[in-house]
Amino acid sequence: MAVDDRAPEPFPDHDHGAWSPVPTEVVASWPAGHFAENLAVDDTGAVFVSLHSHLRVDRFDPPTGTLGQFAHAPAPVAGLTFDAGGTLWATGGRLGEPPGYVWRITPGRCEQWLQIPDALFMNGCAMHADGRTLLACESVTGRILAIDLVEPGWRTWICDELLRPRDRQIPGANGIKVRDGRLWISVTDRNLLVTAAISAEGSARGLQVAVERVRADDFTFEAGGTVYVATHPANTVLRLAPDGTRTTIAGPDQ
């Protein structure tokens, strides 16, 4: 497989590190005009993709290469995550228009769990370590919401200026992950990854900047602590090693 030696165009205030593309292949695609927003992988390796533009979640099966619709939603779908029992949860809503939504998704069915009356931009979501709480980014108002997955209910878990965008047209708090007792959030418009410890009582303590000059959308960790970041809108994938080394491993041509 040919490797493109041309580095992506730099994006202002984003440190892309060294350019070292890895071999890539397209395993699934959609026609022009489809906006794939987020993904989640279940225990079997199946990949679930939220199509924000088409109000649905699709499922891709790697062994067979099969791609098909899993469920249709009444509004655009953004964040996706699985709970420990294998149930798929999603967040979404129409950008800039309240309310926001949380859905429980099963094959062919998107069940509304609750509405967030004042949410303008529901985005990434992740499971709290307690196993019963969904943490969701509200990208305009600088909030992380805690949604009870046992009895429908929600509350503001974090509200911080650090999570709020400077330009309301660009997401603030965007992607969110919980790893080894810590919370991690990408704040796109501020070019930051921020982190906080999660206390024994389940609250977040000491929100602080962990990484600067990274135009991060969503991201994921591998077992050793390396972070893989999908950039926004640099159209790249950045590998961030635990020692801080940055390597851009894919660009627009990949």
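Here goes a summary of the coordinates provided. (Residues numbered from 1 in each chain as written. Predicted model: local features only at pLDDT ≥ 70, side-chain atom pairs only at ≥ 80, totals over all residues. Heavy atoms only, no water.)

A look at empty space enclosed by the protein
The line we're drawing: Cavity means a closed set of points on a 1 Å grid over the protein atoms alone, one where a 1.4 Å probe fits but cannot get out, pocket means an open set with protein on both sides within 12 Å along at least 5 of 7 lines, and lining means a residue has an atom within 4 Å of a point. Grid points are joined across faces, edges and corners, and a volume is the space filled by probe spheres set on the points. Think of it as three bins: nonpolar holds Ala, Val, Leu, Ile, Met, Phe, Trp, Tyr, Cys and Pro, charged holds Asp, Glu, Lys and Arg, and polar takes everything else, Gly as well.
Here the structure, examined in full by the defined rule, presents 2 cavities of 30 Å³ or more. In this model, the largest cavity occupies a volume close to 40 Å³. Lining the largest cavity, in full, are Pro 8, Glu 9, Pro 10, Phe 11, His 14, His 16, Ala 234 and Thr 236. Looking at the lining of the largest cavity, its residues break down into 4 nonpolar, 3 polar and 1 charged. Of the voids in this model, the second largest cavity is the one considered here, and its volume is about 30 Å³. What lines the second largest cavity is Gly 92, Gly 93, Arg 94, Leu 95, Glu 97, Pro 99, Gly 100, Ala 119, Leu 120, Phe 121 and Met 122.

Some details on the side chain of Glu 138
Heads up, the condition is: In DSSP terms, a helix is any run of H or I states spanning at least four residues, a strand is any run of E spanning at least two, and both are numbered starting from the N terminus. Type-normalised accessible area, obtained with a 1.4 Å probe on protein chains alone, sets the label of each residue: buried when under 20%, exposed when over 50%, and partly exposed for intermediate values. The charge count includes Lys and Arg as positive and Asp and Glu as negative, but it does not include His or the ends of the chains. For this document, the term salt bridge refers to a Lys or Arg side-chain nitrogen within 4 Å of an Asp or Glu carboxyl oxygen. In protein, a polar contact requires one atom able to donate a hydrogen and another able to accept it; more generally it is a pair of N or O atoms within 3.5 Å, and residues adjacent in sequence count only if both atoms are side-chain atoms. A contact between two residues is defined here by any heavy atoms of the two lying within 4.5 Å.
Examined against the element boundaries, Glu 138 turns out to sit in strand S11 (residues 133-138). Among buried Asp, Glu, Lys and Arg side chains, Glu 138 stands out as unpaired, with Arg 143 the closest opposite charge at 4.4 Å. Among the polar contacts listed, one links the side chain of Glu 138 to the backbone nitrogen of Val 140, at a separation of 3.1 Å. Among the polar contacts made by the side chain of Glu 138, one reaches the side chain of Thr 141 at a distance of 2.6 Å. With residues near it in sequence (within four places) discarded, Glu 138 still touches Ala 119, Leu 120, Phe 121, Met 122, Arg 143 and Leu 145.

Concerning the pattern of salt bridges
All chains considered together, the criterion is met by 12 salt bridges. The shortest N-O distance in the salt bridge between Arg 104 and Glu 111 comes to 3.1 Å. Residue Glu 111 is classed as partly exposed on the basis of its relative accessible area of 24%. Ionic pairing is found between Asp 218 and Lys 177, a salt bridge with its closest N-O pair at 2.8 Å. Placement of Asp 218 in strand S18 (residues 216-221) and of Lys 177 in strand S14 (residues 173-179) is noted, with a sequence separation of 41 residues between them. Overall, Lys 177 belongs to the partly exposed group, its relative accessible area being 22%. Bridged by salt links that share partners, the residues Glu 161, Arg 164 and Arg 190 form one connected network.

Such coordinate-based values are descriptive only and should not be taken to indicate function.
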